[in-house]
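A structural walkthrough
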Number of protein chains: 2
Amino acid sequence: MGLERVRVVLVRPQHAGNVGAAARAMKNMGLERLVLVAPQHWDPAQATTMAVHAADVLARLRRAESLAEAIADCGLVVGTSGRATATQLGALSPRTLAPEIVAASATNDVALVFGPEDHGLSNDDLARCQRVVSIPTADAYGSLNLAQAVLVCAYEFLLAAAADGGTAAAAPTGAAAHGGGGTRTLAASERLELMYAKLETALRAIGFLHRDNATPMMRALRRTLGRAALDEQEAAVFLGLARQIAWVATARDKALVEGKAPER
Amino acid sequence: MGLERVRVVLVRPQHAGNVGAAARAMKNMGLERLVLVAPQHWDPAQATTMAVHAADVLARLRRAESLAEAIADCGLVVGTSGRATATQLGALSPRTLAPEIVAASATNDVALVFGPEDHGLSNDDLARCQRVVSIPTADAYGSLNLAQAVLVCAYEFLLAAAADGGTAAAAPTGAAAHGGGGTRTLAASERLELMYAKLETALRAIGFLHRDNATPMMRALRRTLGRAALDEQEAAVFLGLARQIAWVATARDKALVEGKAPER
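This paragraph deals with the overall build of chain A. Counting its secondary structure elements, chain A contains 11 helices and six strands. Looking at the 264 residues of chain A, the share that counts as buried comes to 49%. Counting only contacts in chain A whose residues sit at least 6 apart along the sequence, the fraction spanning at least 24 positions is 85%.

For the rest of this paragraph, the subject is the sheet that holds strand E5 (residues 110-114) of chain B. Each strand in a sheet pairs with its neighbour through backbone hydrogen bonds, running either in the same direction (parallel) or in the opposite one (antiparallel). Residues and elements named next belong to chain B. Spatially, six strands are ordered E3-E2-E1-E5-E4-E6 in an open sheet, and the strand pairing comes out parallel. On the outer flanks of this sheet lie strand E3 (62-64) and strand E6 (131-133), each paired with one strand and no other. The average angle at which neighbouring strand axes cross in this sheet is 25°, direction not considered. As defined by bridge partners, strand E1 (residues 6-11) adjoins E5 across five bridges and the pair is classed as parallel. Looking across to E5, one finds that Leu-10 is bridged to Phe-114.

Moving on: the interface of chain A and chain B. Across the boundary between the two partners, chain A contributes 24 residues, which contact 23 residues of chain B. The element contributing the most residues to the side of chain A that touches chain B is helix H7 (residues 146-163) of chain A, with seven residues. For the side of chain A that touches chain B, the residue count by class is 16 nonpolar, six polar and two charged.

Next up on the list: the packing of helix H9 (residues 189-205) of chain A against helix H10 (residues 214-228) of chain A. Residues and elements named next belong to chain A. Where H9 meets H10, the closest approach of the two axes is 11 Å, and the angle between their N-to-C directions is 135°. It follows that H9 is oblique to H10 by the angle criterion. In the crossing of H9 with H10, the sense of the turn from one axis to the other is right-handed. Judged by residue contacts, Tyr-196, Leu-199, Glu-200 and Arg-204 of H9 engage Ala-214, Met-218, Leu-221 and Arg-222 from H10.

For the rest of this paragraph, the subject is the sheet that holds strand E3 (residues 62-64) of chain A. All names here are of chain A. With parallel pairing, the six strands of this open sheet are ordered in space as E3-E2-E1-E5-E4-E6. Looking at which strands have only one partner, the edges of the open sheet turn out to be E3 and strand E6 (131-133). For this sheet, the mean inter-axis angle between neighbouring strands, taken without regard to orientation, is 25°.

Let us now look at the domain arrangement of chain A. Residues and elements named next belong to chain A. The assigned domain composition of chain A is domain 1 (6-177) and domain 2 (189-257). Put simply, the middle of domain 1 and the middle of domain 2, counted by C-alpha atoms, are 29 Å apart. Counting only elements with at least two residues in the side of domain 1 that touches domain 2, the list comes to helix H4 (67-71) and strand E4 (76-80). Of the residues assigned to the side of domain 1 that touches domain 2, the class counts are eight nonpolar, two polar and two charged.

Turning to unusual backbone geometry, a few remarks are in order. Notably, A:Ala38 is not glycine yet its phi reads approximately 45°, a positive angle. If you trace the backbone, A:Ala38 turns up in the loop between strand E2 (33-37) and helix H2 (44-51). For A:Ala38, a count of 16 C-beta atoms within 10 Å puts it in the partly exposed group. One non-glycine residue, B:Ala229, lies in the positive phi region at around 50°. Residue position: B:Ala229 is located in the loop between helix H11 (214-228) and helix H12 (232-257).

Screw-axis analysis of chain A against chain B gives a translation of 0.0 Å along the axis, an RMSD of 0.1 Å, and a rotation angle of 180°. In the structure described here, the two chain copies are related by an operation that fits a two-fold rotation axis. Most of the interface of chain A is mirrored in chain B, where 96% of its interface residues are also at the interface.

All right, on to the nonpolar core then. Membership of the largest hydrophobic core comes to 158 residues, with the highest contact counts inside it found for A:Met26, A:Val150, A:Phe157, B:Met26, B:Val150 and B:Phe157. With residues near it in sequence (within four places) discarded, A:Phe157 still touches A:Leu3, A:Val6, A:Met29, A:Ala98, A:Ile101 and A:Val102.

All names here are of chain A. A residue-level look at chain A finds 88% of positions with pLDDT of 70 or above and a mean pLDDT of 87. When the criterion is pLDDT under 50, residues 166-182 qualifies, and its contacts beyond four places in sequence or with other chains add up to 48 contacts. Overall fold confidence for the complex sits at a pTM of 0.79, while the interface term, ipTM, reaches 0.71.

This part takes up helix H6 (residues 94-104) of chain B. Count 3.6 residues to each turn of an α-helix, and residues three or four apart come out pointing the same way. In terms of burial, H6(B) is a largely internal element, 10 of the 11 residues being buried. Listed in full, the buried residues belonging to H6(B) are B:Pro94, B:Arg95, B:Leu97, B:Ala98, B:Pro99, B:Glu100, B:Ile101, B:Val102, B:Ala103 and B:Ala104.

Okay, the environment of B:Ser189 next. Residue and element names in this part refer to chain B. Here Ser-189 lies in helix H10 (residues 189-205). Looking at Ser-189, the number of C-beta atoms within 10 Å reads 24, which means it is buried. Taking the C-alpha atoms as reference points, Ser-189 and Glu-232, 43 residues apart in sequence, are found 10 Å from one another. Setting aside residues up to four positions removed in sequence, Ser-189 forms contacts with Ile-71, Ala-72, Cys-74, Val-77 and Arg-128.

So, about helix H8 (residues 146-163) of chain B. For H8(B), with 18 residues, the first-to-last C-alpha span of 26 Å sits near the 26 Å given by 1.5 Å per residue. Of all 18 residues in H8(B), 15 are buried; the element is thus mostly enclosed.

Moving on, we come to the environment of B:Gln148. Considering the arrangement of structural elements, one finds B:Gln148 in helix H8. When near neighbours in sequence (up to four residues on either side) are disregarded, B:Gln148 contacts A:Ala25, A:Gln148 and A:Leu151.

Residues and elements named next belong to chain B. Two elements in contact, helix H1 (residues 16-28) and H8, have axes whose closest approach is 8 Å; the angle formed by their N-to-C orientations is 15°. By the angle class used here, H1 and H8 are roughly parallel. Between H1 and H8 the crossing geometry is right-handed. Every residue of H8 that contacts H1 at Asn-18, Ala-21, Ala-22, Ala-25 and Met-26 is listed here: Leu-146, Ala-147, Val-150, Leu-151 and Ala-154. For the contact of H1 with H8, a count of residues per class yields nine nonpolar, one polar and no charged.

How each quantity is defined
- Residues numbered from 1 in each chain as written.
- Chains lettered and ligands numbered in written order.
- Predicted model: local features only at pLDDT ≥ 70, side-chain atom pairs only at ≥ 80, totals over all residues.
- Helix = DSSP H or I, 4+ residues; strand = E, 2+ residues; numbered from the N terminus.
- Buried ≥ 20, exposed ≤ 12 C-beta atoms within 10 Å, placed from the backbone.
- Contact = placed C-beta atoms within 7 Å.
- Pairing = 2+ DSSP bridges.
- Axes fitted to C-alpha atoms, helices over the stretch in contact; angles between N-to-C directions.
- Nonpolar A, V, L, I, M, F, W, Y, C, P; charged D, E, K, R; others polar.
- Parallel < 35°, antiparallel > 145°, perpendicular 65-115°, else oblique.
- Left-handed = near helix turned anticlockwise from the far one by under 90°.
- Domains from an automatic or database assignment.
- Least-squares fit on C-alpha atoms with pLDDT ≥ 70 in both.
- Core = buried A, V, L, I, M, F, W, Y, C linked by C-beta atoms within 7 Å.
- pLDDT = per-residue confidence, 0-100.
- Expected span 1.5 Å × (residues − 1).

And the structure:
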């Protein structure tokens, strides 16, 4: 179905039964790759009971110490949010996002990330995601069970993959509309994290970032560049920019120490 | 949202926990009316635990002795099927069916019917439904958890209702395409059952139905007329037809007994 490269990442899940039910929902909709980040109470027997005929998905699950580790090799990282902040984060619906996921998964590893049952993904976790998806619900009760949220997303991906002719090779309109994957090979998450780290250091060095604004500014930067879905070359451009900025800042500092103006 | 008149009917559910999880899924997607038909092991405490903040949906649930009773007043009855026979039954996807459900619910009570977890709705149950819906799944594992199936259907209805301007007043194209509800008031299920019963009696009387073909023929008839979504007047036409056929058959029998040809 073209969804082989889509993984579901469950961050700090509280209930093993929900993990099992999520595995079943995944297999129902053609997803097979599950990654658990620091489960809070892991009980394989309970998970297997809820997985029913998806025990094979559980048997092949990967454990990771951190979200960063779980998504390091992913070109597209999609976070889920059920919170009121979803709109603020520019969240899209699963249906809107599905064609881009399908297209990106043709040439990239893609992660769909879910937070703990009680509070969802933290702001730090969401900052590592290039896309935020939020499931439409009734106003009266917006909090979905974890496995139900996995199901709705996977269901939309399955339908989008089928609409795409059962393969993810064609570039759908959705990807273009959101500046997304297409069939480009996107920069992996660990590469982007390096880029952001270098950018942050450089922007601090020139005083663009300081204690009061660093967090919101970096988040804004991540949202903008995240939306752009950078490929390897584009990430390299920003890495080079960060290096250049840092170099200038160092030169300036050196000049200040030596009582001279920075070299031109 | 225009979905106030849509009820979820769970026929002979096996696990009370699934009923609770289904109630939660319903409330998540704006459905509030739940009917239980002969639950196999009813445990309100277990159901309430799984319902979380949808205990009010459980508190208001209605019990029925039979599917016929649960849907007696419904103008549109939609059965769910996950089986291979779904295609044979002319099953539609939730997305395809959603606009018709939304349109019909403006002027009709609508039932969405789910069978027991293990085997789904029986053929007799499905024969009482004018529509059959089947959720697309991956080939590897097509069997959804009951509450997951409720969620996907309700999610599609919610999105269709929202697309419909948040009200169900407008007649969407889907309804016309499937000869469906529109804003017509459809014949209630108990009225249709009376019509089918009279038709069956009449068609047996003239030898059109006999022991070997009665079941498949009546099912075919139900599928055809079900697809047509009869209103009260149209149902009355078929009731009148049944009465006329029965009258002719009786007249013929009487003539045969008396050794005369039937009157013209």
